[in-house]
Amino acid sequence: MKLLVFAHPLEAIAFLKNEKCEALNFLFQGIYQFPSGYILITGEGPQNASETLAGFLGAYHHKIDEIINFGVCGLLNSKYSNLLHQMVEIRTSYLCLKDHLEFKSYTLVHGKNDLPLLDCITHSDRVHNTELRPIADLLDRELWSLASVAKRFKKPIRSIKTVSDIINHSSNDICEVVKENAQQYSEKHYFWFNSLKSETHTEQSSLLPCQSYFHFSFSQKKLYQKLIRSSQIKKIPVSKIEEIQSCLKNKNFENKKRRTAVLIEELEKVIHPFKFKLEQDLAIYKDHFNGLKGNVTFDKNLEQEKIRLNIELENSDDFDTLIHKLSTFPQKKWSDFFKGNINV
Amino acid sequence: MFNQVFIEKSCLSNLRAQNILNKLNKKDPIIIDDHESFFNKVKKPYLQKRDNLNLFIAEKKGRLVKEAPDAYGLDNGKHYYFIHAYNCIYECHYCYLQGYFHSPDIVLFVNYEDIGMNIKELCHNKNETYWFHAGEFSDSLALSHITDEIPYLYELFGPLKNAKLELRTKSANIKAILKQSPLENIITSFSLSPQSHLKQTEEKTPSLSTRLKAIKKLSDHGHPIGIHLDPIIFTENFKQEYEILAKELLEHLDSKLLQYISIGVVRFSKESFYQVKKNYPQSFFLAENMNTSFDGKIRYPRPMRMWILSQVKQILIQAGFPVEKVYLCMED
Ligand code: SF4
């Protein structure tokens, strides 16, 4: 469901009239429910915006897929004066608290529509000068707070604004102008909202193979998805991946887990042949220590030549074996391996 | 090219600044006190360089010339870089600037004389060789037709016999250099990769053939040339691609004018790598495994990158490049 956020009731008027809205019984006023979502009236300014949105999402976050903010903004850059009374979509939101520029910015989601895409700076006060023009072309009072709360709740947010005025030193009576035009702006916004085609977000196919043949642990699943992403970047045909999967389905394995491990190994071979070659070489060095009780590990990032032996020595035979293994270890070859002497 | 142009009040009477404004045909720039009040003050998304790139014309304060990192140099001389600009008009997916500044906006510093004075002061020991690199935070030549700094640099380095200047670029913007008589101590260096790699990892940069033509022109005029085969990115057929590149390069370059050819494998700082993943999730160097390496940078595993370096070195030597001119870059 969508959550539509407005600063003032007048800005929401077309929505409240045209949708079957019912006031929601909540801790504070200004929340309405309609068949495909909710409307939240925050009140003016960044603090009201963050308090009310956070309060609402705290209770209803599980019902909300997307937040859309509708409102008005002032124009800082007269270069865009042709946009007066026009709708724009916001690209990035910045904040100025009193005289302090907040470093953090939020890049909003935006759709494939024809609205001009501009940046907006939220100010804690009503301002009448264009000093912030190097940062953004538009000025509002709430958006940054909404975006920061949306981010905290991991909700996508977009913002549609109408440019209500061009900021200059004489724009004191702006509230009157906004009030006068509020209904008209609201209708435009409602019209836009109605024509909003739900953009289909096609999930990238993860190609996770049939669970009746494979069983993925959490880390295997992550690894598998990483491999598939790499295969897509490398443009390895999907049919190749599917071929590997179906080939393994027809083979006998002791259990699904084993089949999954082999699948990952086979995919590595095809998607990262170089890495696979390195792993094969490492396996040979590891095999050199076969016969000892314990395990042998290498630097996990393959940056250092060091080898870690965790060996149990129970008797003199074990000592002899270890001494033999160490004295016959191909140290020079091992060192050359790290210098890139690899037979690829 | 620029959405808005801002100029520091103190630069208004600077002739170079005026020249830049004229060339950009910007009659009414926005006047600000200090670029630092805005540039880098807020996080401006990197990809806004595509459609919302601003320019700041400013004076560089503080240290203008800085000691270069160890692995920067090709020989044992002292290496410095000087700061003539921040950011770049090109968009290389691997560019470390995307994790370095908090804004893609371009800052051009116009107080060259201060930089020149610093450089002269540093070159006090006549028995020592001092290297200066332009372009640590920007491409050295991409905007040189607007900034007009090339004549100034030739004038500065002409008499500085114990100093060398490297102008490192991915551009083919060599007009200003062609107007100068070659100087032994000013080296124009080009970063090159096979065309298929350029196509997938760089945007707005000139093609390989355009860069090779620029190299040929400079070489025909007797200008010393440096080459950087950097960053090398592993692909299944990278060997064949570098063989072709080496051959083409030799066809465009008088090898007597070649000062060095350095080779380096793709690497990222942690912050850049994060930005790369965010900005270019489909970039093909993200298809290979990379790990944190000896200096904290993200690289291919050491055996792999050493193998890549040795292969490219071999290719260059076999193609006929003198072994003593081939350097391995940014490795321990
Ligand atoms: S040319 Fe250099 S500075 Fe410019 S984007 Fe590419 S890597 Fe970055």
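A quick note: this is a predicted structure, and the numbers were derived from the prediction, not measured.

## Thoughts on the overall build of chain B
Counting its regular elements, chain B contains ten helices and 17 strands. Computed over its C-alpha atoms, the radius of gyration of chain B comes to 20 Å, within 12% of the 20 Å expected for a compact globule of 332 residues. Looking at chain B residue by residue over its 332 residues, the buried ones come to 63%. Pairs at least 24 apart in sequence give 76% of the contacts found in chain B among residues at least 6 apart. With an accessible surface of roughly 13600 Å², chain B has 50% of that area assigned to carbon and sulfur atoms. In chain B, which carries 42 positive and 39 negative side-chain charges, the distance between the mean positions of the two groups comes to 2 Å.

## Remarks on the nonpolar core
One finds F132 and I227 of chain B to be the most contacted residues of the largest nonpolar core, which totals 142 residues. Per-element tally for this core: the top contributor is helix 10 (residues 302-319) of chain B, with eight residues. Of the residues that make up this core, three or more belong to each of domain 1 (2-202) and domain 3 (273-344) of chain A. If sequence neighbours within four positions are ignored, F132 of chain B has contacts with V65, Y80, F82, I119, L122, C123, F157, A163, K164, L165 and E166 of chain B. Judged by nonpolar contacts, the second largest core, of 34 residues, contains F56, L57, Y80 and L146 of chain A.

## Describing the confidence of the model for chain A
The predicted model of chain A has a mean per-residue pLDDT of 90, with 94% of residues at 70 or higher. In this model residues 199-205 of chain A is a low-confidence stretch, pLDDT under 50, and it forms eight contacts with partners more than four residues away in sequence or in other chains.

## Description of the site of the ligand
Every residue near the ligand is listed here: C88, Y90, C92, C95, L97, D139 and K170 of chain B. Of the residues that constitute the shell around the ligand, the class distribution is five nonpolar, no polar and two charged.

## Observations regarding the pairing of strand 5 (residues 66-75) of chain A
Residues and elements named next belong to chain A. Counting buried residues in strand 5 gives ten out of ten residues, a clear majority hidden from the surface. As paired strands, strand 5 and strand 9 (residues 138-140) are joined by two bridges and run antiparallel to one another. Bridge pairing in strand 9 places L75 opposite L138.

## A closer look at the pairing of strand 8 (residues 117-123) of chain A
All names here are of chain A. Of all seven residues that make up strand 8, six are buried, and the element is covered over most of its length. As defined by bridge partners, strand 6 (residues 87-97) adjoins strand 8 across six bridges and the pair is classed as parallel. Residue pairing in the sheet places E89 in a bridge with L117 of strand 8. Strand direction decides the pairing type here: strand 8 and strand 9, joined by three bridges, are parallel. When the sheet's bridge partners are listed, T122 is paired in strand 9 with D140.

## Overview of the packing of aromatic side chains
According to the stated counting rule, one finds 50 aromatic pairs over all chains in the structure shown. Relative to F28 of chain A, the ring of F26 of chain A has its centre 5.1 Å away and its plane inclined at 85°; by these criteria the two rings are edge-to-face. Since its relative accessible area comes to 25%, F28 of chain A is described here as partly exposed. Each member of the aromatic cluster is reached from another via a ring pair, and the members are F6, F39, F56, Y81, Y86, Y96, Y100, F101, F109 and F137 of chain B. Sitting over the face of the ring of F109 of chain B, K60 of chain B holds its NZ or CZ atom 5.9 Å from the ring centroid.

## Describing the interface of chain A and chain B
One frequently used descriptor of interface size is the decrease in accessible area upon assembly of the parts. Each partner contributes residues to the interface: chain A has 37 residues there, and chain B has 41 residues. Summed over both sides, the interface between chain A and chain B buries roughly 3200 Å², with carbon and sulfur atoms accounting for 54% of that surface. For the pair chain A and chain B, the interface holds four salt bridges. Residues R305 of chain B and E303 of chain A are paired through a salt bridge, measuring 2.7 Å at the closest nitrogen-oxygen approach. Applying the counting criterion to the chain A and chain B interface returns 19 residue pairs in polar contact (both at pLDDT 80 or more). Counting residues per element, the ones that place at least two in the side of chain A that touches chain B are strand 6, strand 7 (100-107), helix 5 (218-233), helix 8 (273-287) and helix 10 (331-338) of chain A. Looking at the side of chain A that touches chain B element by element, the count peaks at five residues for strand 7 of chain A. Considered class by class, the residues forming the side of chain A that touches chain B number 15 nonpolar, nine polar and 13 charged.

## A few points about helix 8 of chain A
One full turn of an α-helix is made of 3.6 residues, so residues set three or four places apart face in the same direction. Compared with the 21 Å implied by 1.5 Å per residue over 15 residues, the 21 Å span of helix 8 of chain A between its first and last C-alpha is a close match. Within the span of helix 8 of chain A, buried status applies to F274, F276, L278, D281, L282 and Y285 of chain A. Looking at the buried residues of helix 8 of chain A, the elements they touch are helix 7 (256-271), strand 11 (293-298) and helix 10 of chain A together with helix 10 of chain B.

## Some remarks on the domain arrangement of chain A
Domain annotation for chain A reports domain 1 (2-202), domain 2 (207-271) and domain 3 (273-344). Summarising the inter-unit geometry, the C-alpha centres of domain 2 of chain A and domain 3 of chain A are found 28 Å apart.

## Digging into the sheet that holds strand 11 (residues 186-191) of chain B
All names here are of chain B. An order of 4-5-9-10-11-13-14-17 is seen for the eight strands of this open sheet, with the pairing classed as mixed. Looking along the sheet, the strands with just one partner apiece sit at the ends: strand 4 (65-67) and strand 17 (326-328). Adjacent strand axes in the sheet meet at a mean angle of 25° when their direction is disregarded. Examined bridge by bridge, strand 5 (residues 78-82) and strand 9 (residues 130-134) share five bridges and lie parallel to one another.

## A closer look at the sheet that holds strand 2 (residues 30-32) of chain B
Residues and elements named next belong to chain B. With respect to topology, five strands assemble into an open sheet ordered 2-1-3-8-6, the strand pairing being mixed. Bordering the open sheet on either side are strand 2 and strand 6 (85-86), each of which pairs with just one other strand. Across three bridges, strand 1 (residues 5-8) lies against strand 3 (residues 55-58) in parallel orientation. Paired with F6 across the two strands is F56, which belongs to strand 3. Across the sheet, helix 1 (residues 15-24) touches strand 1, strand 3 and strand 8 (106-109), and the angle it forms with strand 3 is around 155°.

Cut-offs applied
- Starting afresh in each chain, residues are numbered from 1 along the sequence in its written order.
- Chains and ligands are labelled by the order in which they are written, letters from A for the one and numbers from 1 for the other.
- Totals for whole chains, interfaces and linings use all residues, but because this is a predicted model, local features are given only for residues with pLDDT of at least 70 and pairs of side-chain atoms are given and counted only at 80 or more.
- As a convention, hydrogens and water are excluded, and side-chain values are obtained from all of the structure's heavy atoms.
- Only DSSP runs of H or I with at least four residues qualify as helices, and only runs of E with at least two residues qualify as strands; both kinds are numbered from the N terminus onward.
- Put simply, the radius of gyration uses C-alpha atoms, and a globule should come to 2.2 Å times the residue count raised to 0.38.
- Relative accessible area decides the class of each residue, using a 1.4 Å probe on protein chains only: under 20% of the type maximum gives buried, over 50% gives exposed, and in between gives partly exposed.
- By definition in these notes, contact holds between two residues if any of their heavy atoms fall within 4.5 Å.
- Values of accessible area rely on a 1.4 Å probe in the Shrake-Rupley scheme; residue burial ignores everything except the protein chains shown.
- In summary, the charge assignment counts Lys and Arg as positive and Asp and Glu as negative, without counting His or the chain termini.
- A single reference atom marks each charge: NZ on Lys, CZ on Arg, CG on Asp, CD on Glu.
- Here, nonpolar core refers to any group of buried Ala, Val, Leu, Ile, Met, Phe, Trp, Tyr and Cys residues whose side-chain atoms link them within 4.5 Å.
- Source of the domain bounds: an automatic or database domain assignment.
- A residue's pLDDT is simply how confident the predictor is in it, with values from 0 to 100.
- Throughout, the term near means that a residue has one or more heavy atoms lying within 4 Å of the molecule or strand in question.
- Side-chain classes are defined by residue name, with Ala, Val, Leu, Ile, Met, Phe, Trp, Tyr, Cys and Pro counting as nonpolar, Asp, Glu, Lys and Arg as charged, and the others, Gly among them, as polar.
- Think of it this way: DSSP has to see at least two bridges between two strands before they count as a pair.
- Put simply, two rings from Phe, Tyr or Trp (the six-membered ring, in Trp's case) pair if the centres are within 6.5 Å, and we call them stacked under 30 degrees between planes, edge-to-face over 60, tilted for the rest.
- Any Lys NZ or Arg CZ found within 6 Å of a ring centre and within 35 degrees of that ring's normal is scored as a charge over the ring.
- The term buried area means the drop in 1.4 Å probe accessible area that two parts suffer when joined, counted for both and summed.
- What makes a salt bridge here is a side-chain nitrogen of Lys or Arg within 4 Å of a carboxyl oxygen of Asp or Glu, nothing more.
- Residues adjacent in sequence count toward polar contacts only when both atoms are side-chain atoms; beyond that, a polar contact is any pair of N or O atoms within 3.5 Å, and within protein one must be able to donate a hydrogen and the other to accept it.
- Helix span, expected: 1.5 Å multiplied by one less than the number of residues in the helix.
- Note on geometry: axes are lines fitted to C-alpha atoms, helical ones only across the stretch in contact, with angles between N-to-C directions running from 0 to 180 degrees.

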